[in-house]
Amino acid sequence: MATKGFDWEDYVVFSVMLAISSIIGLYFGIKSKRKKTTSADDMLTGGRSLPVLPVALSLGASFTSATTILGIPAEVYIRGGEQWLWIMGIIPCFVIVGVFIVPIFHRLQLTNAYEYFELRYNKIIRYVGSLAFCVIILLYMSAVLYAPAVALSQVTGISKEVSVVIMGAVCTFYTAIGGIRAVVWTDAFQLIVVWAGLLALMFKGASDVGGWTKVWDMADKGNRLPRFEMDPDPFIRHTFWTYLVGGGLNMMCVYGSYQINLQRYSSVKTLTGARVALLLNLPIWVIYITILSLVGLVMFAYNSCDPLTEKVVSSPDQLLPHFVLETMGSMPGLPGLFVASIFSASVSTLSSGINSLAAVTLEDLIKPLFARNRKESPSSIVLSIATMILVVVFGMATIGMAYVIGNLGRTAFMIAFSVFGMIGAPLLGLVLNGIFLPFVNSLGAGSGLFASLVATSYYGIYPIIYPPPRINLAPRLETCDSNMTSASTTPALFTTTTTERPGQDTSLGHPYVSYLHLSTIAIIVSFVVAIAVSLATGCNKGKDIDERTYYHYSWCGKKQKSYSMSMNDKTHINSGFQHDNHSKDEIGMSSSLDKY
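Residues numbered from 1 in each chain as written. Predicted model: local features only at pLDDT ≥ 70, side-chain atom pairs only at ≥ 80, totals over all residues. Heavy atoms only, no water.

**Topic: the overall build of the protein chain**
Next up, step 1: Counting its secondary structure elements, the protein chain contains 21 helices and zero strands.
Next up, step 2: Relative to its full complement of 596 residues, the protein chain shows a buried share of 59%.
Next up, step 3: Contacts in the protein chain between residues far apart in sequence, at least 24 positions, make up 86% of those at least 6 positions apart.
Next up, step 4: Total accessible area on the protein chain is roughly 22500 Å²; 66% of this is exposed by carbon and sulfur atoms. (Helix = DSSP H or I, 4+ residues; strand = E, 2+ residues; numbered from the N terminus. Buried < 20%, exposed > 50% of the residue type's maximum accessible area, 1.4 Å probe, protein only. Contact = heavy atoms within 4.5 Å. Areas by Shrake-Rupley, 256 points an atom, 1.4 Å probe, with all protein chains shown as cover.)

Structure follows, in C-alpha cells:
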C-alpha cells in the first residue's frame, strides 16, 4: 500500500516553522546587542529575570522531544496503555523537586549548576558531575536528532541526512545568536506547535475510526487499555510500581539534576517564580502523556492491518509518521503541521541541551584555563564570543554523533530512558546525597557515584549486547492479505505471551530489569555506598561544609560552620549572585538552609 507524501503546502508549513524559530533567535540577538547585554551570564541565564510562563513552557519543551512523540504512541500501539501510568510517578517527582531541590539551586544562583558539587564536596566531584552530564546530553541529543530524521525520511521523502543537518543547523544558529532568551521563547513557541499537531491528529484519527466509543471498544478488545499491574517484581517491564518508582526517579533526573533545567530555575527572578515555573509543568506533562497515549489507542483502532506486518514501515518509530500521512494526507498543510511539531520537539530539546553544554564547559574549562594564563578575569565580550563558539562546536558534535546512535539498534524512546537511568540517575544520587545527608563526605559521594555507574552499566548494557525476546501484544490483521496472516509469515515482533501478563518481558536466565528501574538501582546503590563509606571514613568530622548546600536537621546536633574560601574563590563562586535581589544576609556565605 502506497503512502501519500508531502504536498507543497506541507513544505510551506514546515519551512515557516523553522523560519520563525530562526527569527526569534535573530531578534533576541539583535536586541541584546542594542542593549549591550551580550555577556556570557546574560546568554546563559537571561540576566536571571526571565518571565515565569515562558520559562515554564521551556521547561516542558526541553524534554517533550521526538523520542516521546514517536515512542509513547508506538509503545501503546505495540504493548498496551501502561505508558499512561507514568503520570503516577511524575506527581511525587515534581513535589519533591519543587519543595527541596529548586530552593537550593535558586538561592545559590550558579551559572553552572554543578558548581554545587564543589561547594558541597570538592572540585573533583564537580568535574566528574559535569562530565557525566555532558555524556548524557550528547547521547540524548543525538538520539533526539537522528531518530525522527530516520522515521520521517521513510514516509515523507526528506532524506535523513538533510533532516539531521536542517534541525542541527537551525537550533545551533538561534542558540548561538540569541542565547537562553532565544531558547526559552522558541521553546514556548515550539511547544504550542507540538500540541497543535498532536490534538489535530488525535481528533482527526478518532473521527476517521468512527468516534471515541469505537476507539475505546477496539482498544479494549485488543487489550491496549492501561492495566494496573500491581506486582512489584522489577523484572516485569511495566507495572504500576515500575512507573511510580522508576518512572518518577527518571523524571527526577531530568528536573532535579540536569543543568538544562537547573539553569532555568536560576533564570527566574524569585524563588516563588522558579517554583511556579516548575509546578506548571505538572499539568503540562499529565495532559501531554494522556494525549500521546490516546493517540496510540486511536492509531491501533485505525489500523485494521498492522503496518509493520504489512511492511509499509520497518520500525516502531515510523508508525506515527505513517499514521499522520494516512489520516491527514488529503488535507493540505496538516501533514506539514504535524511533521513540524515533531521537528519542533527535537529542535527545542537540542537548543536547550546545546546551551547547557556551553554553560558547563565555559565554567569548568574556559574560565579555569583563562585564569591560569592571565591574572585578570576575561572580559564579558571574550566570554560572550567563547559561548557562541562553544554553541557552534556542540551543535556540530551533535550532528556528527547522530549517525552513531543509529547503530544501537533500539528505538529512540528506549535509548533516551536507558541513558537517563544509566548515567543520569547516578548524577541525581550525588545531588540527593548532598542535600539530604549532611554527614556524607566527598569520598562517600564519589564511591556512591562510581558504584551506581557500574551497577547501571551492567543492567543497561547487557540487554543491548544480548537483547531479550520482544514479547508484544498481537496486532490487528483483519484486512490484511491472507498470506500475511498465516502463522508462518506473522513477524516474531508480535508474538503474544501465554502468561497472565500479556506484553510483559520475563526473566530468561538473566536479570533483564525494567529499563525504568535503572534509576531505582542507581539511587539505592548510591545511597548505600555513600553512607557506608562516609561512616567508615569519619563523615565530615573536622571539615567545614557550606551550610547552604544541605538541609540541617535538629537531631544532627550543632551545625557546622560555613565552608571557608579565599577571596578569589568567593569572587568566582559569587559571580552568579550579581543579579540576585535577595538580601546579603539571605545569600551570604554564612546563611543556613534551615531559613527555607
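Further notes follow.
**Here's the deal with the pattern of salt bridges**
Next up, step 1: In the structure shown here, the tally under the stated rule is seven salt bridges.
Next up, step 2: Linking Arg126 and Glu118 is a salt bridge whose minimum nitrogen-to-oxygen distance equals 2.5 Å.
Next up, step 3: On the accessibility criterion, Glu118 (13% relative accessible area) is buried.
Next up, step 4: Here Asp546 and Arg548 are joined by a salt bridge, their closest N and O atoms 2.6 Å apart.
Next up, step 5: A relative accessible area of 0% means that Asp546 is categorised as buried. (Salt bridge = Lys/Arg side-chain N within 4 Å of Asp/Glu carboxyl O.)

**A few points about helix H19 (residues 518–536)**
Next up, step 1: With 19 residues, H19 extends 27 Å between its outermost C-alpha atoms, agreeing within 8% with the 27 Å of an ideal straight helix rising 1.5 Å per residue.
Next up, step 2: Residues Leu518, Ser519, Thr520, Ile521, Ala522, Ile523, Ser526, Ala530 and Ser534 constitute the buried set of H19.
Next up, step 3: Downstream of H19 by a residue or two, Gly538 has a phi angle that is positive, lying close to 85°. (Expected span 1.5 Å × (residues − 1).)

**Comments concerning helix H14 (residues 319–328)**
Next up, step 1: A large share of H14 lies buried, amounting to nine of its ten residues.
Next up, step 2: Here H14 has its buried residues at Leu319, Leu320, Pro321, His322, Phe323, Val324, Leu325, Thr327 and Met328.

**A look at the packing of aromatic side chains**
Next up, step 1: If you walk through the whole model with that rule in mind, you get 18 aromatic pairs.
Next up, step 2: Seen in terms of ring centroids, Phe105 and Tyr116 are 5.2 Å apart; in terms of plane orientation they differ by 45°. Their pairing is tilted. One end of the pair, Phe105, is in helix H5 (residues 86–108); the other, Tyr116, is in helix H6 (residues 115–120), and eleven residues separate them in sequence.
Next up, step 3: A relative accessible area of 0% means that Tyr116 is categorised as buried.
Next up, step 4: When the ring of Trp285 is compared with that of Tyr288, the centres are 5.5 Å apart and the planes differ by 85°; the resulting orientation is edge-to-face. Within this pair, Trp285 and its partner Tyr288 are both found in helix H13 (residues 281–302), separated by three residues, close to a single helical turn. No difference in accessibility class separates Trp285 from Tyr288, as the two residues are buried. (Phe/Tyr/Trp six-rings, centres within 6.5 Å; stacked < 30°, edge-to-face > 60°.)

**Remarks on the state of the cysteines**
Next up, step 1: Summed over the entire model, instances satisfying the criterion amount to one disulfide.
Next up, step 2: One disulfide bridge connects Cys305 with Cys480, the sulfur atoms lying 1.8 Å from each other. The sign of the 105° torsion about the S-S bond sets the Cys305-Cys480 disulfide as right-handed. Placement of the pair is Cys305 in the loop between H13 and H14 and Cys480 in the loop between helix H18 (442–465) and H19, with a sequence separation of 175 residues.
Next up, step 3: Overall, the relative accessible area of 9% leaves Cys305 in the buried class.
Next up, step 4: Between Cys93, a free cysteine, and Cys253, which holds the nearest cysteine sulfur, the sulfur-to-sulfur gap is 8.8 Å.
Next up, step 5: Residue Cys253 is classed as buried on the basis of its relative accessible area of 0%. (Disulfide = S-S within 2.5 Å.)

**As for the packing of helix H9 (residues 212–221) against H13**
Next up, step 1: Running from N to C, H9 and H13 cross one another at 80°; their axes reach a closest spacing of 9 Å. Accordingly, the angle class assigned to the pair H9 and H13 is roughly perpendicular. Mapping the contact onto sequence places Trp212, Val215, Trp216, Met218 and Ala219 in H9 and Leu294, Leu297, Val298, Phe300 and Ala301 in H13.
Next up, step 2: Its residues assigned to classes, the contact of H9 with H13 comprises ten nonpolar, no polar and no charged. (Axes fitted to C-alpha atoms, helices over the stretch in contact; angles between N-to-C directions. Parallel < 35°, antiparallel > 145°, perpendicular 65-115°, else oblique. Nonpolar A, V, L, I, M, F, W, Y, C, P; charged D, E, K, R; others polar.)

**Considerations on the environment of Val170**
Next up, step 1: By the element assignment, Val170 lies in helix H8 (residues 160–209).
Next up, step 2: Here the alpha-carbon distance between Val170 and Leu18, two residues 152 residues apart in the chain, equals 7.1 Å.

**A few points about the environment of Pro335**
Next up, step 1: Checked against the element boundaries, Pro335 lands in helix H15 (residues 334–373).
Next up, step 2: Note on Pro335: relative accessible area 1%, which makes it buried.
Next up, step 3: When the C-alpha atoms of Pro335 and Leu325 are compared, they prove to be 6.1 Å apart, with ten residues separating the residues in sequence.

**Some thoughts on the packing of H5 against helix H11 (residues 259–266)**
Next up, step 1: Viewed as axis vectors pointing N to C, H5 and H11 meet at an angle of 70°, and their least axial separation amounts to 9 Å. Classified by the angle between their axes, H5 and H11 sit roughly perpendicular to one another. For the pair H5 and H11, contact is made by Val97, Ile101, Val102, Phe105 and His106 and by Leu262, Tyr265 and Ser266, respectively.

**As for unusual backbone geometry**
Next up, step 1: Here Asn223, not a glycine, exhibits a phi torsion of approximately 65°, which is positive.
Next up, step 2: The residue Asn223 is located in the loop between H9 and helix H10 (240–257) in this model.
Next up, step 3: Even without a glycine there, the phi angle at Lys311 is positive, about 65°.
Next up, step 4: Inspection of the secondary structure puts Lys311 in the loop between H13 and H14.

**Overview of a nonpolar patch on the surface**
Next up, step 1: A cluster of nonpolar residues, Ile91, Val95, Ile96, Val99 and Phe100, forms a patch on the protein surface that exposes about 360 Å² of accessible area.
Next up, step 2: Tracing the backbone shows Ile91 in helix H5. (Patch = residues over 30% accessible without salt bridge, like charges linked within 9 Å, V, L, I, M, F, W, Y side chains within 5 Å.)

So, to be careful, I would describe these as geometric facts and stop short of saying anything about function.
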